[in-house]
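Spelled out, the chains give:
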Amino acid sequence: MFQDNPLLAQLKQQIHDSKERVEGIVKSTDKAYGFLECDKKSYFISPVAMKKVMHGDKISATIEKQSDKEQAEPEALIEPMLTRFIAKVRFNKDKKLQVLVDHPNINQPIGAAQSKAVKEELQEGDWVVATLKTHPLRDDRFFYAQITQFICHANDELAPWWVTLARHEQPREPVQGQDHYEMQDQETRENLTALHFVTIDSETTQDMDDALYIEPITSNNEQTGWQLVVAIADPTTYIALHSQIEKDAKQRCFTNYLPGFNIPMLPRELSDELCSLKPHETRPALVCYIQTDLQGNISAPAKFVLADVQSKDKLTYNQVSDYLEGKDNAWQPENPETAQQIQWLHQFTLTRTQWRKTHALLFKEKPDYSFVLAENGKVQEIKAEYRRIANQIVEESMIIANICAAQFLHENLQCGIFNTHSGFDKKFLGNAHNFLLANLANDENKAELQSRYTPENLATLNGYCQMRHDIEPIEGDYLEFRLRRFLTFAEFKAELAPHFGLGLKGYATWTSPIRKYSDMVNHRLIKAHLANRDFAKPEETILARLQEARRQNRLVERDIADWLYCRYLADKVTEKPEFEAEVQDVTRGGLRVMLLENGASMFIPASTLHDNRDEITVNNDEIALYIKDQRQYKIGDIIRVQLNEVKEDTRSIVGTILK
């Protein structure tokens, strides 16, 4: 009698419309239930309701009230967690195809179909790319996906590389080359093949894009300064502006350096052969003459020329460092000209390092961690490598060359691609001011620091550099890590702007055109000025693509490293090894630390720090964890930890603190 009753339908609609509605993000648990995280409140989602949603979905829900409890009933999908995603192939007991999402918080298998574009015969555990086709909150009965791309088989030792590249939609092959290459430039080049240029790189480097030559400047038989000649490989001489190689490089933006191998931005026959500054091979180059006085100050405008050059020696960082450090049985230069170049470059580097320490900012010394791999991709060891003197020689030479390029582009073309960094984010200047006073000021210097660290002063290059010089002698990384939270990101800009991170008024890289598209652009601009040709200011779309590509490359490097760390440490869990570690982050869930021996990231659950979680609090201003109102751990602390568990499926390493 109540069927199709319009009054009853109207009443139901009124009741439905009167219910409280919220929007939020679904958070799953390791149980069947979940929660809807809203701005200021969290609502329970029942196991039955969780079958309609996925961890990470943004949904709207009605709030159902039962006695004194509230729970969310999913109503509509606003934004799905899954669109395109990485997954593993699975077959259920009925041999039906499913996929398991590669995400630590998504465990439910999803039914799937294989698209016609995927020709491989899929097997259990294979890695694939899939797209979500149906969702229960979109009037569909269940989740369903389509496999759109095969990545690799389950037993592929290089799965960490191929899966990560696919996740970030990065190519795994070099740019397609041409059958032959012809020089595009018509300008005459100076013949500088007589100069004793040398390259200094890693032992395995093939894409050598910079060579150095230096000589003293003398007056009345006394040295008054240095002339550094920086020769940079010139790939643009072989690449037409509207060629497919240019378009591909413009999209990739960078050579992707991964553990074990690289994926070049340019065809290998260019990056590793035709343009690489190989010893005793004549190569086209863009060359910069730089003059400094004996204190390291640039003493004359830089001069850029097109030239043919010839490297006389392929040197390596370790060889040159061993030689300069006077190690027993160290490598020795093959000829006196190379030995002289090394000695002069060393003297020049010490001068420029001191100049930057005084007038700009030096990098804080931290090791780079490198994976030593077997042919099958297995990690044999992880090395912590510190910058040695030979690395500093190349670094200082490239930095001064990039300073000169920024000045040249600004003065002659009023544009280029400049690497910039504006220091503290404007909205955090007040926070930085308060933090510095709280941690550095005392009764004697408070008035002085109040004036020195005003937000207005911290927003200037000089004020920022003064602050960095003030904190440099202070031991530990707490101030460094804490201030880092107030910084803005580095940016590419088409006009000159300061680089606060380097402490410089201008910086434009041109020294790695084989590896960076921005450097290719700056090459074309410099060469256009030298030839008195028309040029175009770099478009905003190029700057945006550079920014995004840099972000993607860093994510790829991080994700592959996390996977390899898990593989490396997995078979060591039974030994319960101990490590020195530095606290990198503090959250309610626990501590994120970095193992100083190898660079691996480890998580320390809060449950292992104290048995009563209600007595644990996190101070977000200090980035510190308190137990019973006593500060126990803060960012930058050095602690001793023990490895307890490795979960390769979620790329997580778990440990405990040794008291």
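Residues numbered from 1 in each chain as written. Predicted model: local features only at pLDDT ≥ 70, side-chain atom pairs only at ≥ 80, totals over all residues. Heavy atoms only, no water.

**Student:** Sorry, what's going on with the side chain of Gln642 here?
**Tutor:** Counting through the fold element by element, Gln642 comes out in strand β29 (residues 638-647). What Gln642 contacts, discounting residues up to four positions off in sequence, is Lys576, Pro577, Glu578, Met602, Val654, Gly655, Thr656 and Leu658. (Helix = DSSP H or I, 4+ residues; strand = E, 2+ residues; numbered from the N terminus. Contact = heavy atoms within 4.5 Å.)

**Student:** Just checking my understanding: could you explain the side chain of His346 for this structure?
**Tutor:** In this fold, His346 is placed in helix α7 (residues 336-359). Leaving out residues up to four positions away in the same chain, His346 has contacts with Leu324, Ile389 and Ile393.

**Student:** Looking at this structure, how should I read the pairing of strand β19 (residues 368-373)?
**Tutor:** One face of the sheet, then the other: side chains in a regular strand alternate in exactly this way. Where β19 and strand β20 (residues 379-385) come together, six bridges link them in antiparallel fashion. Note that in β20 the partner of Tyr369 across the bridge is Ala384. The hairpin turn running from β19 into β20, its antiparallel successor, is five residues long, and Gly377 in that turn takes a positive phi close to 90°. (Pairing = 2+ DSSP bridges.)

**Student:** So what exactly am I meant to see when it comes to the environment of Gln380 here?
**Tutor:** Structurally, Gln380 is set in strand β20. For Gln380, a relative accessible area of 52% translates into the label exposed. Separated by 188 residues in the primary sequence, Gln380 and Tyr568 have C-alpha atoms spaced 7.7 Å apart. For Gln380, the contacting residues outside a window of four places in its chain are Val372, Leu373, Ala374 and Tyr568. (Buried < 20%, exposed > 50% of the residue type's maximum accessible area, 1.4 Å probe, protein only.)

**Student:** Could you clarify how one ought to interpret the pattern of salt bridges in this entry?
**Tutor:** Side chains carrying opposite charge are able to pair once their charged atoms draw close together. In this structure the tally under the stated criterion is 43 salt bridges. Residue Asp209 is joined to Arg515 by a salt bridge in which the shortest nitrogen-to-oxygen separation is 3.0 Å. Taken as a pair, Asp209 in the loop between β12 (197-201) and β13 (210-219) and Arg515 in the loop between β22 (491-493) and α14 (517-530) lie far apart in primary sequence, 306 residues in all. Both residues of the pair, Asp209 and Arg515, belong to the buried class. The salt bridge involving Arg387 is made with Glu395; its shortest N-O contact spans 2.5 Å. Given a relative accessible area of 23%, Arg387 falls into the partly exposed group. When its relative accessible area of 18% is taken as the criterion, Glu395 is described as buried. (Salt bridge = Lys/Arg side-chain N within 4 Å of Asp/Glu carboxyl O.)

**Student:** What should I look at first to understand the UniProt feature "domain: S1 motif" (unreviewed entry) in the protein in this one?
**Tutor:** The feature "domain: S1 motif" (unreviewed entry), as annotated in UniProt, sits at residues 576-658 in this numbering. With 0% helix and 60% strand, residues 576-658 has its two end C-alpha atoms placed 11 Å apart. (UniProt positions renumbered as here; feature names shortened; annotations may be inferred.)

**Student:** Whenever I open this one, the packing of helix α4 (residues 244-252) against α14 confuses me. Can you help?
**Tutor:** Each pair of packed helices gets described by two things: the angle between the helix axes and the distance between those axes. Look at α4 against α14: their axes get within 8 Å of each other, and the N-to-C directions meet at 130°. One element, α4, and the other, α14, form an angle in the oblique class. Two secondary-structure elements touch here, α4 through Glu246, Ala249 and Lys250 and α14 through Tyr517, Met520 and Arg524. (Axes fitted to C-alpha atoms, helices over the stretch in contact; angles between N-to-C directions. Parallel < 35°, antiparallel > 145°, perpendicular 65-115°, else oblique.)

**Student:** I tried to follow the packing of aromatic side chains on my own but got confused; where do I start?
**Tutor:** How two aromatic rings sit relative to each other is set out by the distance from centre to centre and by the angle between their planes. A full pass over the atoms with the stated rule returns 17 aromatic pairs. Centre to centre, the rings of Tyr33 and Phe44 are 5.5 Å apart; their planes meet at 40°, and the pair counts as tilted. One end of the pair, Tyr33, is in the loop between β1 (21-28) and β2 (34-37); the other, Phe44, is in strand β3 (residues 42-45), and 11 residues separate them in sequence. Chaining the aromatic ring pairs together yields one cluster made of Phe428, Phe435, Tyr478 and Phe486. If you follow Arg356 out to its NZ or CZ, it ends over the ring of Phe363, 5.4 Å from the centre. Sitting over the ring of Tyr568, Lys572 keeps its end group 4.1 Å from the ring centre. (Phe/Tyr/Trp six-rings, centres within 6.5 Å; stacked < 30°, edge-to-face > 60°. Lys NZ or Arg CZ within 6 Å of the ring centre and 35° of its normal.)

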